Amino acid sequence: MSSIITQITPELIQESVTYQQYRNLINDLLAQGKTTGQQQNAALIEYTRMNVRRMERWDKTAIVSSELQHKVSLIDAPQTWLVLTEAWCGDAAQSIPFMVKVARYSPLVAIRFILRGEHPDIMDAYLTNGGRSIPKLIALNEDLVELFTWGPRPQVLQQQYLAYRKDPKGISKQQFIESIHLWYARDKNATIDAEFLTLIE
């Protein structure tokens, strides 16, 4: 397990929001024809609408394995799981509801959310291959020392993503995105479940 002093402060944790507050924010923005972040366009707003449907579906159907439930229940000291995200991010919509369900198996785990665009300093401390990829979960102990991180997507998908960026092989970006979401639907969070089992040691 890593033991890294972060630049995350108690004030930042205080400013972060719960899952319900995050969902309410998204709904409020959509009602105004907006999404999170400075960039506003029809495509991002439509992605956000689709992501709300994805989160609603996973809120109802995501299942945490009994092994992971047990592992989380054994956590014996308070932790904060801070997630960098944005409403328009498809990977975030596919994985965040599962993270939330995992956290619920321990009264000592608080899962909180901040927006990437509002916290570039934190995002830049957690780059993936030099990019500001989200979602990014940062698990912290009471002293805000990093315990582990996860994201922006399951490792098998990350490898597919990197391979696609290197050589698209004639597959359009839209086709690739659709294949990613199909993978999430078929996997039913099993891969994320297995990765969290390894991380929570």
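Up top you'll find the structure we're talking about.
Before going into details, it helps to say that this report is about the structure given with it. (Residues numbered from 1 in each chain as written. Predicted model: local features only at pLDDT ≥ 70, side-chain atom pairs only at ≥ 80, totals over all residues. Heavy atoms only, no water.)

A word on unusual backbone geometry
That bond from Ile134 to Pro135 is cis: its omega, 5°, falls within 30 degrees of zero. The topology assignment puts Pro135 in the loop between helix H6 (120–124) and strand S4 (136–140). For the peptide bond that leads from Gly151 to Pro152, omega is 10°, which places it in the cis range. The residue Pro152 is located in the loop between strand S5 (145–150) and helix H7 (155–166) in this model. In this structure, Lys169 takes a positive phi of about 55° despite not being glycine. Summarising the element assignment, Lys169 is placed in the loop between H7 and helix H8 (173–187). Overall, the relative accessible area of 69% leaves Lys169 in the exposed class. Unusually for a residue other than glycine, Lys188 sits at a positive phi of about 55°. For Lys188, a relative accessible area of 56% corresponds to the exposed category. (Helix = DSSP H or I, 4+ residues; strand = E, 2+ residues; numbered from the N terminus. Buried < 20%, exposed > 50% of the residue type's maximum accessible area, 1.4 Å probe, protein only.)

Description of the packing of helix H2 (residues 19–31) against helix H3 (residues 42–61)
For the pair H2 and H3, interaxial distance at closest approach is 11 Å and the crossing angle is 145°. The chirality of how H2 crosses H3 is left-handed. Together, Tyr19, Tyr22, Arg23, Ile26, Asn27 and Leu30 of H2 and Ile45, Thr48, Arg49, Val52, Met55, Glu56 and Asp59 of H3 make up the contact between the two elements. A breakdown of the residues in the contact of H2 with H3 according to their chemical character gives seven nonpolar, two polar and four charged. (Axes fitted to C-alpha atoms, helices over the stretch in contact; angles between N-to-C directions. Left-handed = near helix turned anticlockwise from the far one by under 90°. Contact = heavy atoms within 4.5 Å. Nonpolar A, V, L, I, M, F, W, Y, C, P; charged D, E, K, R; others polar.)

Section: the pattern of salt bridges
Counted under the stated rule, the structure contains three salt bridges. One salt bridge in this structure joins Asp59 and Arg23, with 2.6 Å as the shortest N-O distance. Of the two residues, Asp59 is situated in helix H3 and Arg23 in helix H2; the sequence distance between them amounts to 36 residues. Residue class for Arg23 comes out buried when judged on its relative accessible area of 9%. A salt bridge links Arg153 to Asp91; the shortest N-O distance between them is 3.0 Å. (Salt bridge = Lys/Arg side-chain N within 4 Å of Asp/Glu carboxyl O.)

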